[in-house]
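Chain and residue survey
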Amino acid sequence: MNRLCKELSIRYPVIQGGMGNISSVNLAAAISEAGGLGTIGCGTSELDEVEQKIVDLKSMTSRPFAVNIAINVAPQVEELLALVVKHRVPVVSLSAGNPSPYIQNLHANEIKVMAIVASVKHAVKAEAAGADIIVAEGFEAAGINSPLELTTMTLIPQITKSIQIPVVAAGGIGDGKGLAAALALGAEGVQMGTRFIATQEMQAHELYKQRLLDASDIETRIIGREVGRVRRVLTNDYVMNLEKRVKEGMKLEEFNEATTEVQHVLGAIKGDMQNGYINSGQVAGLIEDIPTVQELLERMMIEAKEACKRTANLL
């Protein structure tokens, strides 16, 4: 058993990404039950909604799970932290901000802390602050990304040689070959978001899942660079109109108002591609089916072992 699995008490070294307001309790439960680490994303959800998700998830699985809090996105970070303590959530992932002020209190309540970073500097700081696990995310990933735009392939080996705690690779990973590659780069597991959207348990609109099945290798795009934001989405009518508005001089405040979780839910849950967007990582081009979570994880383990054997033979 590798360090990640031991630290989190999971069978497979696979973690679910947060997914913001479209976070699905059914999906998180299925991932934890299948041997990975399911995650509830808080996004900008109201406290009572997050609490209900935690309660529901605990009733659906006795296995470990995580709650993701995006520090600079969630409007009530302190209250969310109080919730995870109240309900004895085993793992918290902290993203989109400095995790340092919150780690000590989480540890005092026997909660493991994962810090999501996008640079060596931030990984080193998070380890020094006491994080148990680092999730290193390349900008191949879906949704809001770091303006540094470092790729997973280059980020992982630099971080793993700079810190001592377990590292999880995120961004551009959706199958067993990706898992094997991450391990070869020095990571001890992977975090996936987009690939889990295209599973039977994910409560996303069928149009979203179909778009992932149909997507080619070049259909995700970064929007918002011109206004200082880096967000990876899948092309649709709303995104194309938004790109046009950005080129015409859209301001940062207007861009933020046009890319809230409200529009995210419209696209991903309601299937409204005229008024909402859908996040997607570059891994979309690899997605060819919609399996159950159990099928996906078991297949990934077989693929990863085969990939490791094949590459060893090539050497």
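Every value quoted in this text rests on a predicted model; they were computed, and no experiment measured them. (Residues numbered from 1 in each chain as written. Predicted model: local features only at pLDDT ≥ 70, side-chain atom pairs only at ≥ 80, totals over all residues. Heavy atoms only, no water.)

On to the overall build of the chain, then. When helices and strands are tallied, the chain shows 14 helices and 12 strands. Overall size of the chain, expressed as C-alpha extent along the three principal axes, is 50 × 50 × 40 Å. In the chain, buried positions account for 55% of the 315 residues. A separation of at least 24 residues holds for 63% of the contacts in the chain among residues at least 6 apart in sequence. Summed over its atoms, the accessible surface of the chain is roughly 13900 Å², and 50% of this surface lies on carbon and sulfur atoms. (Helix = DSSP H or I, 4+ residues; strand = E, 2+ residues; numbered from the N terminus. Buried < 20%, exposed > 50% of the residue type's maximum accessible area, 1.4 Å probe, protein only. Contact = heavy atoms within 4.5 Å. Areas by Shrake-Rupley, 256 points an atom, 1.4 Å probe, with all protein chains shown as cover.)

Within the largest apolar cluster, 76 residues are counted, with the highest numbers of intra-cluster contacts made by V14, V67, I69, I134, I159, F196 and M300. Core analysis: the second largest hydrophobic core is formed by 14 residues, C5, I15, L37 and M114 among them. (Core = buried A, V, L, I, M, F, W, Y, C linked by side-chain atoms within 4.5 Å.)

Our focus in this paragraph is unusual backbone geometry. Phi is positive for S9, close to 60°, though the residue is something other than glycine. For S9, the position within the fold is in the loop between α1 (3-8) and β1 (14-16). Positioned with a positive phi, M19 is a non-glycine residue whose angle comes to about 70°. Tracing the backbone through its elements, the reader meets M19 in the loop between β1 and α2 (25-34).

This next bit is on helix α5 (residues 100-108). Residues Y102, I103 and L106 constitute the buried set of α5. Here the buried residues of α5 occupy an arc of 110° about the axis, which is enough to place them on one side. Exposed side chains of α5 directed beyond 90 degrees from the buried face belong to P101, Q104 and A108. Lining the buried residues of α5 we find α4 (77-86), β4 (91-95), β5 (112-117) and α6 (120-129). E110 sits one or two positions beyond α5 and adopts a positive phi of about 60°. (Arc of directions from axis to C-beta.)

Now for the pattern of salt bridges. Per the counting criterion, the structure on display carries nine salt bridges. Taking the shortest distance from any N to any O, the salt bridge between R225 and E149 comes out at 2.8 Å. Taken as a pair, R225 in the loop between β10 (220-223) and β11 (231-234) and E149 in the loop between β7 (143-144) and α7 (152-160) lie far apart in primary sequence, 76 residues in all. D289 is paired through a salt bridge with R299; the nearest N and O atoms lie 2.7 Å apart. Remark: R299 occurs in helix α14 (residues 293-314) and D289 occurs in the loop between β12 (278-279) and α14; sequence separation between them is 10 residues. Overall, the relative accessible area of 27% leaves D289 in the partly exposed class. Within this structure, R195, D289 and R299 form a network of salt bridges that share partners. (Salt bridge = Lys/Arg side-chain N within 4 Å of Asp/Glu carboxyl O.)

Mapped onto the secondary structure, G281 falls in the loop between β12 and α14. A relative accessible area of 2% means that G281 is categorised as buried. For the pair formed by G281 and P64, sequence separation is 217 residues and the distance between their alpha carbons is 26 Å. Sequence-distant contacts of G281, defined by excluding residues within four places in its chain, comprise E140, A141, A142, T194, T220 and R232.

So, on to the packing of aromatic side chains. Summed over the entire model, instances satisfying the criterion amount to zero aromatic pairs. Above the plane of the ring of F139 lies R232, whose end atom (NZ or CZ) is 5.1 Å from the centre. (Phe/Tyr/Trp six-rings, centres within 6.5 Å; stacked < 30°, edge-to-face > 60°. Lys NZ or Arg CZ within 6 Å of the ring centre and 35° of its normal.)

Attention now goes to the pairing of β4. With five of its five residues buried, β4 lies for the most part within the structure. In β4, alternate side chains face the same way, and those of V91, S93 and S95 on one face and V92 and L94 on the other are all buried. As paired strands, strand β3 (residues 65-70) and β4 are joined by five bridges and run parallel to one another. Bridge assignment links V67 to a residue of β4, and that residue is V92. Taken together, β3, α4 and β4 constitute a β-α-β crossover, and its handedness is right-handed. Across four bridges, the pairing between β4 and β5 is parallel. Counterpart to V91 in the pairing with β5 is K112. Read from β4 through α5 to β5, the crossover connection turns out right-handed. (Pairing = 2+ DSSP bridges. Right-handed = clockwise from strand over helix to strand, strands pointing away.)

The values reported here are purely geometric and, on their own, carry no functional implication.
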